[in-house]
Amino acid sequence: EAYGGVIYARGALFYQWLRRRMGDERFFAFLRAWYSEHRWTITTPADWHTTLKRFATPEILIDVEPWLTGIGLTPAMMVEGIKPPVK
């Protein structure tokens, strides 16, 4: 059960976590920028990270790393991703 959550749901939990941390306005601005700048192109993780840097605080950028690498990603962080976004 935990394995499935980590393997299959981590991406969705990550974006939910990121939305909670950034707030709706900044999060959706980030997604709109990513889409408009990179649609119809082949991109790299570095491209994604470069776009994120324009919208996220330095603290969020540090906290993103465990989600991207899996190193240091804790169950508590994943549970935080389950919570509904703050309005």
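Structure first, text after, so check above.
Residues numbered from 1 in each chain as written. Predicted model: local features only at pLDDT ≥ 70, side-chain atom pairs only at ≥ 80, totals over all residues. Heavy atoms only, no water.

**Student:** Where do I start with the side chain of His-38 in this structure?
**Tutor:** Position of His-38 among the secondary structure elements: in helix H2 (residues 24-38). Polar contacts involving the side chain of His-38 include one to the side chain of Thr-51, which spans 3.3 Å. Apart from residues lying up to four places away in sequence, His-38 is in contact with Thr-43, Asp-47 and Thr-51. (Helix = DSSP H or I, 4+ residues; strand = E, 2+ residues; numbered from the N terminus. Polar contact = N/O pair within 3.5 Å; in protein donor to acceptor, adjacent residues only side chain to side chain. Contact = heavy atoms within 4.5 Å.)

**Student:** Quick question: what am I supposed to make of the pattern of salt bridges here?
**Tutor:** Opposite charge on two side chains makes pairing possible when the charged atoms of those side chains draw close. For the structure on display, the rule yields 3 salt bridges. Asp-24 is paired through a salt bridge with Arg-19; the nearest N and O atoms lie 2.7 Å apart. Residue Asp-24 is classed as partly exposed on the basis of its relative accessible area of 25%. One salt bridge connects Arg-54 with Glu-37, and the closest N-O pair in it is separated by 2.7 Å. With a gap of 17 residues between them, Arg-54 in the loop between helix H3 (45-53) and helix H4 (58-69) and Glu-37 in helix H2 connect regions that are remote in the sequence. For Arg-54, a relative accessible area of 49% puts it in the partly exposed group. (Salt bridge = Lys/Arg side-chain N within 4 Å of Asp/Glu carboxyl O. Buried < 20%, exposed > 50% of the residue type's maximum accessible area, 1.4 Å probe, protein only.)

**Student:** Is there a simple way to explain the environment of Lys-53 in this structure?
**Tutor:** Structurally, Lys-53 is set in helix H3. For Lys-53, a relative accessible area of 48% puts it in the partly exposed group. A C-alpha to C-alpha distance of 9.2 Å links Lys-53 and Phe-30, two positions 23 residues apart in sequence.

**Student:** How should the environment of Glu-37 be read in this particular structure?
**Tutor:** Residue Glu-37 is classed as partly exposed on the basis of its relative accessible area, which comes to 37%. Residues Glu-37 and Asp-47 lie 10 residues apart in sequence; the distance between their C-alpha atoms is 9.9 Å. Apart from residues no more than four positions distant in its own chain, Glu-37 is found in contact with Thr-51 and Arg-54.

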